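# Understanding the architecture of this molecule
Below are the chains, spelled out letter by letter.
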Amino acid sequence: MRVSEAAALLGVSDDTVRRWIDQGRLPSTQENGRMAVEGQALAAFAQQLAETPEPGATAAASARNRMRGIVTRVLKDGVMAQVEMQAGPFRVVSLMSREAADELGLEPGVVAVASIKSTHVVVEIPEA
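Quick summary incoming for the structure in this document. (Residues numbered from 1 in each chain as written. Predicted model: local features only at pLDDT ≥ 70, side-chain atom pairs only at ≥ 80, totals over all residues. Heavy atoms only, no water.)

This paragraph deals with the nonpolar core. Counting 17 residues, the largest nonpolar core has Met-1, Leu-10, Val-17, Leu-26 and Leu-42 as the members making the most contacts within it. Of all elements in the fold, only α1 (3-10), α2 (14-22) and α3 (39-49) reach the threshold of two or more residues within this core. Counting residues per element, this core draws most heavily on α1, at 5 residues. In this structure, Leu-26 is in contact with Val-17, Trp-20, Ile-21, Val-37, Ala-41, Leu-42 and Phe-45, ignoring residues within four places of it in sequence. Residues Ala-81, Val-83, Ala-112 and Ile-116 belong to the second largest nonpolar core, which totals 14 residues. (Core = buried A, V, L, I, M, F, W, Y, C linked by side-chain atoms within 4.5 Å. Buried < 20%, exposed > 50% of the residue type's maximum accessible area, 1.4 Å probe, protein only. Helix = DSSP H or I, 4+ residues; strand = E, 2+ residues; numbered from the N terminus. Contact = heavy atoms within 4.5 Å.)

Side chains that differ in charge, positive against negative, can pair when their charged atoms come close. Here the structure, examined in full by the defined rule, presents 6 salt bridges. Across the pair Asp-15 and Arg-18 runs a salt bridge whose closest N-O atoms are separated by 3.3 Å. One end of the pair, Asp-15, and the other, Arg-18, are both in helix α2, 3 residues apart, so they sit about a helical turn from each other. Notably, a salt bridge pairs Glu-84 with Arg-91, separated by 3.3 Å at the nearest N-O pair. Judged by its relative accessible area of 5%, Glu-84 is buried. Linked by salt bridges that have partners in common, Arg-73, Glu-84 and Arg-91 make up one network. (Salt bridge = Lys/Arg side-chain N within 4 Å of Asp/Glu carboxyl O.)

Another point: the packing of α1 against α3. It is the contact of α1 with α3, at a shortest axis distance of 11 Å, that shows an interaxial angle of 35°. Crossing handedness for the pair α1 and α3: right-handed. Residues Ala-6, Leu-9 and Leu-10 of α1 touch α3, and the partners they reach there are Leu-42, Phe-45, Ala-46 and Leu-49. Among the residues forming the contact of α1 with α3, the class breakdown is 7 nonpolar, no polar and no charged. (Axes fitted to C-alpha atoms, helices over the stretch in contact; angles between N-to-C directions. Left-handed = near helix turned anticlockwise from the far one by under 90°. Nonpolar A, V, L, I, M, F, W, Y, C, P; charged D, E, K, R; others polar.)

Laid out in structure tokens, this is it:
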């Protein structure tokens, strides 16, 4: 994916991603003559960066949230799948049917959107 997309998923500037690449912290590739980052490498890097943030005080809350992030881990058994995502500094875990995870093509490095309402987490694939 492009540097700008990687930056948006990590919640940092394009320059920060380029600096990490120059420092050797984040591996890069060339795609159509442009610097790019592989999805799996970005997923691993996002996990390294993640720290549990302090929730802080809130004045109001929403029952519905959509967080765009990158899939970092998928565990599947015969019926169920556990999908972990990194959305900026937030780790999101969703339990779903294996069939749903397979149909969505969820694997580390895939960009997805976690829609959260109450105790249910629904993972969606954004339009390109």
